[in-house]
Amino acid sequence: MHPGVLHRRFLSDLSTSLFSFVLPLLPTSEELTIKEEVRTLIEKLIKTIEPSARLLSFGSSCNSFGLRNSDMDLVVLIDDPEAALDPSTFVAMIGDLLERETNFDVKPLPKARIPIIKLNLAASPGLPFGIACDIGIENRLAIENTRLLLTYATIDPARVRTLVLFLKVWAKRRRINSPYRGTLSSYGITLMVLFFLVHVKQPPVLPNLQRIAPVRPITEEEMMLEGRNVYFFDDVEMLRQEWSSINFESVGELLIDFFRYFSHDFQFNTMVLSLRAGPLTKESKGWTNDIDVGGLNEMARDRNRLCIEDPFEITYNVARTVTKDGLYTIRGEFMRATRILTQRPERAVLALAELCR
Ligand code: CTP
Ligand code: MG
């Protein structure tokens, strides 16, 4: 058979295989129900300390990129401006309360740079692995960036969700999803995929939501949160009607091209991935690693190896956790993946299994 035909067949098998790979890894409805019950229970308890407090989910439990047994990210928002509770005290109080009133394994960290409460729920029939849960205080930007990710997913769920979910699994299996060990957070990986779909692919698979003008004028006040511009076009109904991509590549093709782009084309040493603005230079952001500056320790020197700009907190490098070795490993993994997918493997299912070994 002609190699072109074989290749086309491989690509279409790859897309089908990606969908079937991801499907059984999605959370069960039972898991989602238990998580929501836990959130409601904890919110009710927290309201006994501060009636104006709300407990919201963010991260993968509600950005549509959640995998089975993923942790739960929760944040307490206090709506009453009169409630003068500082985060450390509040974390300590909530910690005591949860220890008294629940049988979760509770670990309050009131002295951490960002005070949080860590919770662990024991395994049960509906939750064979239990749940790990972090509760933070007043992190409103996280709610907004979760909404941004969710809106992107909603525009083209079949391609966007499948790609992100697969790449999250791949990154976990290949051990490059450990910010504490010098590699990437899931949030960082997701931003890389969205950057690729908005700014690298031509024609783009997704529009740049932060650059679509609002339909009605919005005030500065509506746009700003904690001094950051958090505007993005979030009218999903209108997006569905008005925006359709003229990029018809299959999810398999996009996956191969994603790996190829980050293996060969993206200039990790000099460039910043910005979902908001497209590729930027490290220099223009002042995110260079000036090794000559005296007194910089190893950590500070490593801070800008891989640069991913947060969509709203634009002075924040989401990938600051990535060390020199971490970046080396990550780039090695992109190359390995490109190799596996482009060496004309016999069957797509086998290629995916090999990829995530
Ligand atoms: N977040 C952030 N800045 C970071 C890391 C995370 O603001 N450097 C916030 C984002 O709102 C993100 C959420 O924390 O959506 C959760 O991050 P993470 O756990 O990395 O992503 P999840 O999508 O929850 O992935 P996982 O399923 O692996 O938990
Ligand atoms: Mg999470």
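This one's a predicted model, so the numbers in the text were calculated from it and none came from an experiment.

Caption draft 1: Representation of the domain arrangement of the protein within the structure. You can read the domains of the protein as domain 1 (29-139) and domain 2 (156-206 + 245-355). Taken together, the contacts link five residues of domain 1 with eight residues of domain 2. For the pairing of domain 1 and domain 2, the buried interface totals around 550 Å² over both sides, and the portion due to carbon and sulfur atoms is 75%. Ranking the residues of domain 1 by area buried against domain 2 places Ser64, Phe65 and Leu67 at the top, with a combined share of 91%. At the boundary of domain 1 and domain 2, one finds zero salt bridges.

Caption draft 2: View of the nonpolar core. Counting 73 residues, the largest nonpolar core has Phe166, Leu167, Trp170, Phe259, Phe262 and Leu306 as its most contacted members. Contributions of two or more residues to this core are made by α1 (3-22), α4 (140-155), α5 (157-173), α6 (186-200), α9 (251-265), β8 (271-274), α12 (324-342) and α13 (348-355). If we skip the residues at most four places from it in the chain, Leu167 touches Ile189, Val193, Leu255, Phe258 and Phe259. In this structure, Ala53, Met72, Ile78 and Ile94 belong to the second largest nonpolar core, which totals 27 residues.

Caption draft 3: Looking closely at the pattern of salt bridges. Tallied over the full model, the rule gives 22 salt bridges. Glu31 is the partner of Lys35 in a salt bridge, and the nearest nitrogen-oxygen pair spans 2.9 Å. Linking Lys35 with Glu31, this pair stays in helix α2 (residues 29-49), spanning four residues, or about one helical turn. We classify Lys35 as buried; its relative accessible area is 8%.

Caption draft 4: Fine view of the sheet that holds strand β9 (residues 280-281). Read across the open sheet, the three strands follow the order β9-β8-β10; overall the sheet is mixed. Both edges of this open sheet fall to β9 and β10 (307-309), since each of them pairs with a single strand only. Here two bridges tie β8 to β9, and the two strands are oriented antiparallel to one another. Among the inter-strand pairings, Val272 is bridged to a residue of β9, identified as Leu280.

Caption draft 5: Structural context of α2. A rise of 1.5 Å per residue sets the reference length of α2, with its 21 residues, at 30 Å; its end C-alpha atoms lie 31 Å apart and thus fit the reference within 8%. All of the buried residues in α2 are Glu31, Ile34, Lys35, Val38, Arg39, Ile42, Glu43, Leu45 and Ile46. Where α2 is buried, its residues meet β1 (53-58), β2 (72-78), α3 (87-101), β4 (116-121) and β5 (131-137).

Caption draft 6: Up close: the coordination of the magnesium ion (ligand 2). Protein coordination at the magnesium ion (ligand 2): the donors are Asp71 (OD) and Asp73 (OD), at 2.4 to 2.6 Å from the metal. You can call Asp73 buried: its relative accessible area is 15%.

Caption draft 7: Structural context of the state of the cysteines. Considering all chains together, one arrives at zero disulfides under this definition. Of all cysteine sulfurs, the one in Cys133 lies closest to Cys62, which takes part in no disulfide; the gap is 12 Å. You can call Cys62 partly exposed: its relative accessible area is 28%.

Caption draft 8: Local environment of the packing of aromatic side chains. Applying the stated criterion to the full structure yields 17 aromatic pairs. Ring centres of Phe262 and Phe268 lie 6.2 Å apart, and the angle between their planes is 50 degrees; on these two criteria the pair is classed as tilted. Given the relative accessible area of 1%, Phe268 is considered buried. One aromatic cluster is present, built from ring pairs that chain together Trp170, Phe195, Phe196, Phe258, Phe259, Tyr261, Phe262, Phe266, Phe268 and Phe334. Here the guanidinium or amino end of Lys285 rests over the ring plane of Trp287, the centre of that ring lying 4.7 Å away.

Conventions we followed
Residues numbered from 1 in each chain as written. Chains lettered and ligands numbered in written order. Predicted model: local features only at pLDDT ≥ 70, side-chain atom pairs only at ≥ 80, totals over all residues. Heavy atoms only, no water. Domains from an automatic or database assignment. Contact = heavy atoms within 4.5 Å. Buried area = accessible area lost by both parts, 1.4 Å probe. Salt bridge = Lys/Arg side-chain N within 4 Å of Asp/Glu carboxyl O. Core = buried A, V, L, I, M, F, W, Y, C linked by side-chain atoms within 4.5 Å. Buried < 20%, exposed > 50% of the residue type's maximum accessible area, 1.4 Å probe, protein only. Helix = DSSP H or I, 4+ residues; strand = E, 2+ residues; numbered from the N terminus. Pairing = 2+ DSSP bridges. Expected span 1.5 Å × (residues − 1). Donors = N, O, S within 2.8 Å, 3.2 Å for Na, K, Ca; no water. Disulfide = S-S within 2.5 Å. Phe/Tyr/Trp six-rings, centres within 6.5 Å; stacked < 30°, edge-to-face > 60°. Lys NZ or Arg CZ within 6 Å of the ring centre and 35° of its normal.

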